[in-house]
Amino acid sequence: MMDQSFGELRSQLHGSLETRKKREALLVLLLEHYEQAPDMFMSRWHPYISGLRIEWPEPFATVTSLEQVEHAGMLIPGARFRLSLGHLNEADFKPETLSRDERLRHVCGLVFDGLMLTPLGLSTILKSHHLGPLIELDLGHTRIGTLRPVLDSPKTHALKVLDLQGNAGGDLLLSEFPTHFPALEVLDLGSCYIEKEYAKQQLDGLKNLKHLYMD
Amino acid sequence: MLHEDITYGAIFYGITIGIDDLGEELETLNTQVGQSKGLSLWVPGDTVYGDPYGDAIIGVMVRLVDSADGPTSFTLADIERAQKSFENARPALEKLAKENDHVAAVMDNTPQTYLTCCGPLSYASLAYGELWDSARKDEVEYTFHSCQDMDQEWHPQGVDGVTLGAVEYDDLHSVDLDEARLERLGDKVAKKQNPQLWICVRYD
């Protein structure tokens, strides 16, 4: 049975992990196997996975807590994840505490949709010594007000996905996007109520942009 | 949908047409669209106790929700079906344009998917999430979307999720949905196991 699972692991690792479904299937397999046989996982699977030195697609998967990201980071050495925190209560979301958490090293995507986030709070998180370059950032419905902390941070230069849904009336500084986000592929300005032609003019230099949402 | 005395929300696909200056010609347009195979006219807002104004839509219904219905789900496939139906109805639309100058003037408008509502005191929200008991609204993980009937009673269930858009009265909110965006919406509500698109209607 274990050999069969190991065979499945090898098959999945040597196949394409480009689709979200395949990555999730691999993560499920690892989670299940670790739960059933942690010793065997650590003695056989973990060295095998580490030895392959795979360049994992980023973010590898979505997690909803620092505990989960730590566990997933252990199961898939070297992979980085998307941390979704929109479910947190205001009282449980403390940017200062988050920024000091070393488990942020496993994170390359942050989803804050629905959380009340101040520019100072966001700046504190982005300045965390533990946080590496971000690939995705979701500031939907955060009432962030200004995007200055994002534009001032070197960690956001490699962003491919920026979600600003529901931030009407904010100072989004669109004219600075082409210089600061050269790799941006997806920009979500849904419910920001920005005039389409104006936005397109400001964003003209985003050469890698594949989809602009402005509904 | 014109002169509706029931509060509805809807996802509707089609082209917009300004109705501010139509006056009685709106009734003619309504009749003509009704006779055009595969097409219908959506006039948002309260057109029983108020005057129609703003933009209406000529197109195809994706999903119609009565305020008594409670949360009602739909999928990308429903939108795609409506898009196909609209394209199939192009000949009828072109015939209509020949009969009606107001329609002829908007033939170049790009068809889009809209969240909209009509009837008295109408409000509709578009959410991505899961059903949630209204009695437990204070325990939601994300944002609670309630549904309220014309007796101003809450439906036993609403939706816990993120908001893609909301309309009231004669608002039209264009909706741009694709698989990739649904995946991102899924990341926003990552605690939910089986999130879906929901329309929640309120008589407010």
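Numbers given for residues are sequential positions, taken from 1 along each chain in its written order. Each chain is given a letter, starting from A, and each ligand a number, starting from 1, according to the order in which they appear as written. Given that the model is predicted, a residue must reach a pLDDT of at least 70 before its local features are reported, and side-chain atom pairs must reach 80 or more before they are shown or counted; all residues, however, enter totals for whole chains, interfaces and linings.

### Observations regarding the overall build of chain B
Just so we agree on the cut-off: Secondary structure elements are defined from DSSP: runs of H or I of at least 4 residues count as helices, runs of E of at least 2 residues count as strands, and each element is numbered from the N terminus. Values of the radius of gyration come from C-alpha atoms, whereas the globule rule sets the reference at 2.2 Å times the count of residues to the power 0.38.
Check the secondary structure of chain B and you find 5 helices and 10 strands. Expected size for 204 residues packed as a compact globule is a radius of gyration near 17 Å; at 17 Å, chain B falls within 12% of this value.

### Examining the overall build of chain A
Heads up, the rule is: In this scheme the burial state of a residue depends on its C-beta neighbours within 10 Å: 20 or more other such atoms mean buried, 12 or fewer mean exposed, and anything in between means partly exposed; the C-beta positions come from the backbone. Contact between residues is assigned whenever the C-beta positions, reconstructed from backbone atoms, fall within 7 Å.
In terms of regular secondary structure, chain A is built from 9 helices and 7 strands. Projected onto its principal axes, the C-alpha coordinates of chain A cover approximately 60 × 35 × 25 Å. Among the 215 residues that make up chain A, the fraction classed as buried is 37%. Counting contacts in chain A only where the partners sit at least 6 residues apart, residues at least 24 apart contribute 70% of the total.

### Examining the interface of chain B and chain A
To keep it simple, the criterion reads: When residues are grouped by polarity, Ala, Val, Leu, Ile, Met, Phe, Trp, Tyr, Cys and Pro land in nonpolar, Asp, Glu, Lys and Arg in charged, and all others, Gly among them, in polar.
Listed as interface residues are 17 residues of chain B and, on the opposing side, 18 residues of chain A. Listed by contribution, the elements that provide at least two residues to the side of chain B that touches chain A are β8 (157-168), β9 (172-175) and α5 (179-188) of chain B. For the side of chain B that touches chain A, the element with the most residues is α5 of chain B, which contributes 5 residues. Its residues placed into classes, the side of chain B that touches chain A shows 5 nonpolar, 4 polar and 8 charged.

### What to know about the sheet that holds strand β7 (residues 211-213) of chain A
As a reminder, the rule being used: Only strands joined by at least two bridges in the DSSP assignment are considered to pair. Between the N-to-C directions of two axes lies an angle of 0 to 180 degrees, each axis being a line fitted to C-alpha atoms and, for a helix, fitted only over the stretch in contact.
Taken in spatial order, the 7 strands of this open sheet run β1-β2-β3-β4-β5-β6-β7 (chain A), and their pairing is parallel. Only two strands of the sheet have a single partner each, and these edge strands are β1 (62-63) and β7 of chain A. Relative to strand β5 (residues 161-163) of chain A, strand β4 (residues 136-138) of chain A runs parallel, the two sharing 3 bridges. The residue of β5 of chain A that forms the bridge with Glu-136 of chain A is Val-161 of chain A. Running over the sheet, α5 of chain B touches β1, β2 (81-84), β3 (107-111), β4, β5 and β7 of chain A and is turned about 60 degrees from β2 of chain A.

### Structural notes on the confidence of the model for chain B
Test applied: Think of pLDDT as the predictor's per-residue confidence, scored from 0 to 100.
Residues with a pLDDT of 70 or more make up 100% of chain B, whose mean pLDDT is 95. The complex prediction reports pTM at 0.93, with the ipTM value standing at 0.93.

### Observations regarding the environment of Leu-27 of chain A
Residue and element names in this part refer to chain A. Looking at the secondary structure, you find Leu-27 in helix α2 (residues 20-36). Judged by the 20 C-beta atoms lying within 10 Å of it, Leu-27 is buried. Taking the C-alpha atoms as reference points, Leu-27 and Phe-60, 33 residues apart in sequence, are found 9.0 Å from one another. Among residues more than four places away in sequence, those in contact with Leu-27 are Ala-61 and Ala-72.

### Examining the sheet that holds β8 of chain B
Backbone-to-backbone hydrogen bonds join strands into a sheet, with any given pair of strands oriented parallel or antiparallel. Residues and elements named next belong to chain B. Taking strand neighbours across the sheet as the criterion, the 5 strands line up as β4-β10-β6-β8-β7 in an open arrangement whose pairing is antiparallel. The sheet terminates laterally at β4 (72-74) and β7 (143-145), the two strands that pair on one side only. Recorded for the sheet is a direction-independent mean angle of 45 degrees between the axes of neighbouring strands. As judged from the 3 bridges shared by β4 and strand β10 (residues 196-203), these two strands associate in the antiparallel manner. The residue of β10 that forms the bridge with Ser-73 is Trp-198.

### Focus on helix α3 (residues 38-52) of chain A
Formally: The span expected for a helix works out to 1.5 Å for each residue beyond the first.
For α3 of chain A, built from 15 residues, the straight-helix expectation of 21 Å at 1.5 Å per residue is met to within 8% by its first-to-last C-alpha distance of 20 Å. In the stretch just after α3 of chain A, Arg-53 of chain A is the one whose phi turns positive, near 50 degrees.

### Side note on the environment of Pro-195 of chain B
All names here are of chain B. Summarising the element assignment, Pro-195 is placed in the loop between α5 and β10. Spatially, the C-alpha atoms of Pro-195 and Thr-110 are 30 Å apart, while their sequence positions differ by 85 residues. Other than its neighbours up to four places away in sequence, Pro-195 contacts Tyr-128, Gly-129, Glu-130, Gly-161, Gly-186 and Val-189.

### Regarding unusual backbone geometry
Of note, the amide linkage connecting Glu-58 of chain A to Pro-59 of chain A takes the cis form, showing an omega dihedral of -10 degrees. The topology assignment puts Pro-59 of chain A in the loop between α3 and β1. At Tyr-193 of chain A, a residue that is not glycine, the phi angle is positive and equals roughly 55 degrees. Mapped onto the secondary structure, Tyr-193 of chain A falls in the loop between β6 (186-188) and α9 (196-202). Overall, the presence of 11 C-beta atoms within 10 Å leaves Tyr-193 of chain A in the exposed class. Notably, Gln-152 of chain B is not glycine yet its phi reads approximately 60 degrees, a positive angle. With respect to the helices and strands, the residue Gln-152 of chain B is situated in the loop between β7 and β8.

### A closer look at the environment of Tyr-53 of chain B
Residues and elements named next belong to chain B. Turning to its location among the elements, Tyr-53 is positioned in the loop between β2 (40-42) and β3 (55-66). Sequence-wise, Tyr-53 and Ser-174 are 121 residues apart; in three dimensions their C-alpha atoms are separated by 18 Å. Ignoring any residue separated from it by four or fewer positions in sequence, one finds Tyr-53 in contact with Ile-19, Asp-20 and Asp-170.

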